[in-house]
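Here's the letter readout for the chains.
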Amino acid sequence: MKLIYIAPFLHMPGGLEHILAEKANWLVAHGHEVQLLTYTQNGKEMFYALDERVLHRDLQCPLYVIYKKPLYKRPFAYLQCRRQFRQRFAETLCEYRPDVLVITIPNTEEYIHDMLKVAHQQGVKVIVECHLAADYHLEGKPLFERLLSRLFPSLKAIQKSDLLITLTDRDAASWRRFVKHVSVLPNPLPLAFSQEHSTINKEPSTINKEPFTPRIIAVGRLFSQKRFDRLIEAFALIADHYPQWQLDIYGDGPFCQVMQQQIAQCGMTGRIMLNGTTHDMQAAYKKCQFFVLSSDYEGFGMVIIEAMACGLPVVATDCPCGPAEIIEDGRTGLLSRLDVQDLAKKMEWMMSHEAERQKMGQQALLASAHYQLEQVMPRWLAAYQSVL
């Protein structure tokens, strides 16, 4: 089978970028042909390693360039970008002749109508993969904000796809209000984490092999969705009672400077660390005692299963979509309301109950087995083949 995955770019760290690399690598290792198609990569290197058999092409059609032009030139520039994208996209499909085109959302909405039209003209089956929380974007926001979002106008195009795949049951329930053919499949653990899980399972004594360090870890892109401001405030509320504990935040993004200012204002300089990005997340997780997710919404929450695979229990906001379907509250972690006080309360419980925390970590490790790459990817392959 020949597949094309399309996303705007793959040069930044992130759950979507990571999982596409993992899927592509697994598929080519199992005899399939895969091309990753981007259109705003701008010559930058991939952040996640790709098998040499995975092809990549960048169409070089960034729509944001129109905003660099004078206002009166933007309508023409917009039409020119759309026309250029359609031409290059059609040429790629004609040359590569894939069996299936997989469109990832979010962030492809600006061209999704063109993708569907061209693919159907060439007889290519189309699957849309949803990596966001539809009920937050389509139902949770006020009507005016929903109409202004890029996702809402894309519904008509998504309805024309051959299959929509969501990552959680909750997200699927939201999409089924608008789309007929919806399947649910979880993200798999990345290969390195699957191997780590297998090693720990064979040698249970290797779990938490690092010397005890009173650290909490959070991971994600530094922008509004992740609500690191909530996490910083929650930690600051309880930090004085636990002077040995430190919060490590991994990630990069536009909110970095704002977060540094908030950390300073809370008097948490030296206690809350912004560590940027790393290619060795397993080592980062293993230095810490538990993981915290403070988001307003998630498409799935792959960082949750990564942390669990390293034997960490999780404290997470009960946001749409993902945490409540991954975490068994009170067994593999704790679910929090979406407010600072309750998040702080759940973090403090985890910090002050060492024996229970370690037991939760062991249960989290066992639960992460459900997301092993070799268990989950055959289900994704079957979904791709089902539209042929």
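Quick caveat: nothing in here was measured; it's all calculated off a predicted structure. (Residues numbered from 1 in each chain as written. Predicted model: local features only at pLDDT ≥ 70, side-chain atom pairs only at ≥ 80, totals over all residues. Heavy atoms only, no water.)

On to helix α10 (residues 256-265), then. Within an α-helix, residues lying three or four positions from one another point in the same direction, as the helix has 3.6 residues per turn. Those residues of α10 not exposed but buried are M259, Q262 and I263. Viewed end-on, α10 has its buried residues packed into an arc of 100 degrees, placing them on one side of the element. Exposed residues on α10 whose side chains face more than 90 degrees from its buried face are Q257 and Q265. The secondary structure elements touched by the buried residues of α10 are α9 (228-238), β9 (246-250) and β10 (272-274). In the stretch just after α10, G267 is the one whose phi turns positive, near 70 degrees. (Buried < 20%, exposed > 50% of the residue type's maximum accessible area, 1.4 Å probe, protein only. Helix = DSSP H or I, 4+ residues; strand = E, 2+ residues; numbered from the N terminus. Arc of directions from axis to C-beta. Contact = heavy atoms within 4.5 Å.)

This part covers the packing of aromatic side chains. Enumeration over the complete set of coordinates arrives at twelve aromatic pairs. Ring centres of W380 and Y384 lie 6.1 Å apart, and the angle between their planes is 50 degrees; on these two criteria the pair is classed as tilted. Placement of the pair is W380 and Y384 together in helix α16 (residues 373-386), with a separation of four residues, close to one helical turn. For the residue pair W380 and Y384, the accessibility class agrees, reading buried in each case. One aromatic cluster is present, built from ring pairs that chain together Y39, F85, F89 and Y111. Over the aromatic face of Y96 sits the side chain of K2, whose NZ or CZ is 4.4 Å from the ring centroid. (Phe/Tyr/Trp six-rings, centres within 6.5 Å; stacked < 30°, edge-to-face > 60°. Lys NZ or Arg CZ within 6 Å of the ring centre and 35° of its normal.)

Looking now at the confidence of the model for the protein chain. When pLDDT is averaged across the protein chain, the result is 91; 91% of the residues are at 70 or more. Scored below 50 in pLDDT, residues 144-148 shows seven contacts in the model against residues more than four places distant or in partner chains. (pLDDT = per-residue confidence, 0-100.)

This part covers the sheet that holds strand β7 (residues 182-184). Spatial ordering of the open sheet is given by β3-β2-β1-β4-β5-β6-β7, a layout of seven strands whose pairing is parallel. The open sheet has two free edges, formed respectively by β3 (55-58) and β7, since each of these has just one partner strand. Averaged over neighbouring strand pairs, the angle between their axes works out to 25 degrees when direction is ignored. Pairing of strand β4 (residues 100-105) with strand β5 (residues 125-130) involves six bridges; the strand directions are parallel. Counted as the bridge partner of I103 is V128 from β5. Seen against the sheet, helix α3 (residues 112-121) touches β1 (2-6), β4 and β5 and runs at an angle of roughly 170 degrees to β4. Contacting β1, β4, β5, β6 (163-166) and β7, α16 crosses the sheet at an angle of about 165 degrees to β6. (Pairing = 2+ DSSP bridges. Axes fitted to C-alpha atoms, helices over the stretch in contact; angles between N-to-C directions.)

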